[in-house]
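Secondary and tertiary structure notes
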Amino acid sequence: AVRSSATAEDLPDLSFAGQQDTYLNVTGVEALIGSVRNCWASLWTARAMSYRHQMEIGHGRIYMAVVIQRLLRAEVSGVLFTANPATGEREELIVNASYGLGEIVVSGEVTPDAFVLDRASLERKEALIGEKERMVVANSDQGTRTIAVEQTRREQESLSNSQLNALASLALKVEKHFEGLPQDIEWLFAEDNLWLLQSRPITHLPVAPLKH
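On a predicted model such as this, the values are computed, not experimentally measured, just so you know.

Time to look at the packing of aromatic side chains. In this structure the tally under the stated criterion is one aromatic pair. The residue whose ring lies beneath Arg-153 is Tyr-99, and the NZ or CZ to ring-centre distance is 3.9 Å.

Shown next as structure tokens:
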């Protein structure tokens, strides 16, 4: 996996999510070098430059590294918010999960399963099964492809209770590491092992609702 790491990404008020290019399942030295070059160059696409202009961030203030990571063959992946990003409720954890690699969830191309967990007990308060009609998987040689999910799997929950519990427990540890700042976390399960991919502050989190 070849990913960007720019100085303006993942700030408390600006995420820059998706502004630079990501390349998954890159195989071989030649393809790797090309992907690194293209990822680096994506700092200067019209999309990225337009976003920086809208956010009033000068082009000369941006620096970018390219991160190379071993690609994990995700069975289930998604995001977890350690506070409810819609309501600002700090006592809820919100999990979005779907099959395959997580790019399809992050980009909003699929309707994932949605779980609302209680922060104190880690028990589920609500579960909504998404359509999960497609998933992204690695090709056997290079890159990725999108395939259809079987109808029976679409109708099933993508995460078990034990997986949800493990995920929530890890998320609270991550939030504690960042001194209680609510986090937007990317994760995946591969061979039933939980992997933490990324954590960043939740941007534009509403004020917590008043308690009665």
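Quick look at the nonpolar core now. Judged by nonpolar contacts, the single largest core of 21 residues is most densely connected at Val-95, Leu-117, Leu-159 and Trp-187. Taken together, the elements giving at least two residues each to this core come down to strand E3 (76-81), strand E4 (92-99), strand E5 (113-118), strand E7 (134-138), helix H5 (161-177) and strand E9 (183-190). With five residues, H5 is the single largest residue contributor to this core. Leave out the neighbours within four places in its chain, and Leu-159 touches Val-76, Val-95, Ala-97, Phe-115, Leu-164, Leu-167, Trp-187 and Phe-189.

It is worth spelling out the sheet that holds E5 at this point. Pairing in this open sheet of six strands is antiparallel, and the strands run E6-E5-E4-E3-E9-E10 from one edge to the other. Two strands in the sheet have a free side with no partner beyond their single neighbour: strand E6 (124-128) and strand E10 (193-201). Direction aside, neighbouring strands of the sheet carry axes that sit 20° apart on average. In the sheet, E5 pairs with E6 via four bridges, with the strands oriented antiparallel. Along E6, the bridge assignment pairs Phe-115 with Ala-127.

Our next topic: the environment of Ala-168. By the element assignment, Ala-168 lies in helix H5. Each C-alpha atom, one on Ala-168 and one on Leu-122, is 6.6 Å from the other, the two residues being 46 residues apart in sequence. Filtering out sequence-adjacent residues up to four positions away, Ala-168 remains in contact with Leu-80, Leu-93, Leu-117 and Leu-122.

Burial within E3 is extensive, with six of its six residues counted as buried. Relative to E9, E3 runs antiparallel, the two being bridged by six bridges. Across the sheet, residue Phe-81 finds its bridge partner in E9, namely Asp-184.

Despite not being glycine, Lys-132 has its phi angle at roughly 45°, a positive value. One can find Lys-132 in the loop between E6 and E7. Residues other than glycine seldom take positive phi values, yet Glu-191 does so here, at roughly 55°. Along the polypeptide, Glu-191 turns up in the loop between E9 and E10. On the basis of relative accessibility, which here comes to 67%, the residue Glu-191 falls in the exposed class.

Take the pattern of salt bridges next. Tallied over the entire structure, the rule returns nine salt bridges. One salt-bridge network, in which partners are shared between bridges, spans Asp-184, Glu-186 and Arg-200.

With respect to the helices and strands, Ala-190 occurs in strand E9. By relative accessible area, which is 10% here, Ala-190 ends up buried. Remark: the alpha-carbon pair of Ala-190 and Arg-73, spanning 117 residues in sequence, is separated by 6.1 Å. What Ala-190 contacts, discounting residues up to four positions off in sequence, is Arg-73, Glu-75 and Trp-195.

In this fold, Ser-35 is placed in helix H1 (residues 29-41). In contact with Ser-35, not counting residues within four places along its chain, are Val-2, Tyr-23 and Val-26.

On to the side chain of Lys-132, then. Judged by relative accessible area, Lys-132 falls into the buried class, the value being 0%. Once residues within four sequence positions are removed from consideration, Lys-132 is found in contact with Ala-97, Ser-98, Tyr-99, Val-110, Thr-111, Pro-112, Asp-113, Val-149, Arg-153, Arg-154, Gln-156 and Ser-158.

Reading the values: the criteria
- Residues numbered from 1 in each chain as written.
- Predicted model: local features only at pLDDT ≥ 70, side-chain atom pairs only at ≥ 80, totals over all residues.
- Heavy atoms only, no water.
- Phe/Tyr/Trp six-rings, centres within 6.5 Å; stacked < 30°, edge-to-face > 60°.
- Lys NZ or Arg CZ within 6 Å of the ring centre and 35° of its normal.
- Core = buried A, V, L, I, M, F, W, Y, C linked by side-chain atoms within 4.5 Å.
- Buried < 20%, exposed > 50% of the residue type's maximum accessible area, 1.4 Å probe, protein only.
- Helix = DSSP H or I, 4+ residues; strand = E, 2+ residues; numbered from the N terminus.
- Contact = heavy atoms within 4.5 Å.
- Pairing = 2+ DSSP bridges.
- Axes fitted to C-alpha atoms, helices over the stretch in contact; angles between N-to-C directions.
- Salt bridge = Lys/Arg side-chain N within 4 Å of Asp/Glu carboxyl O.

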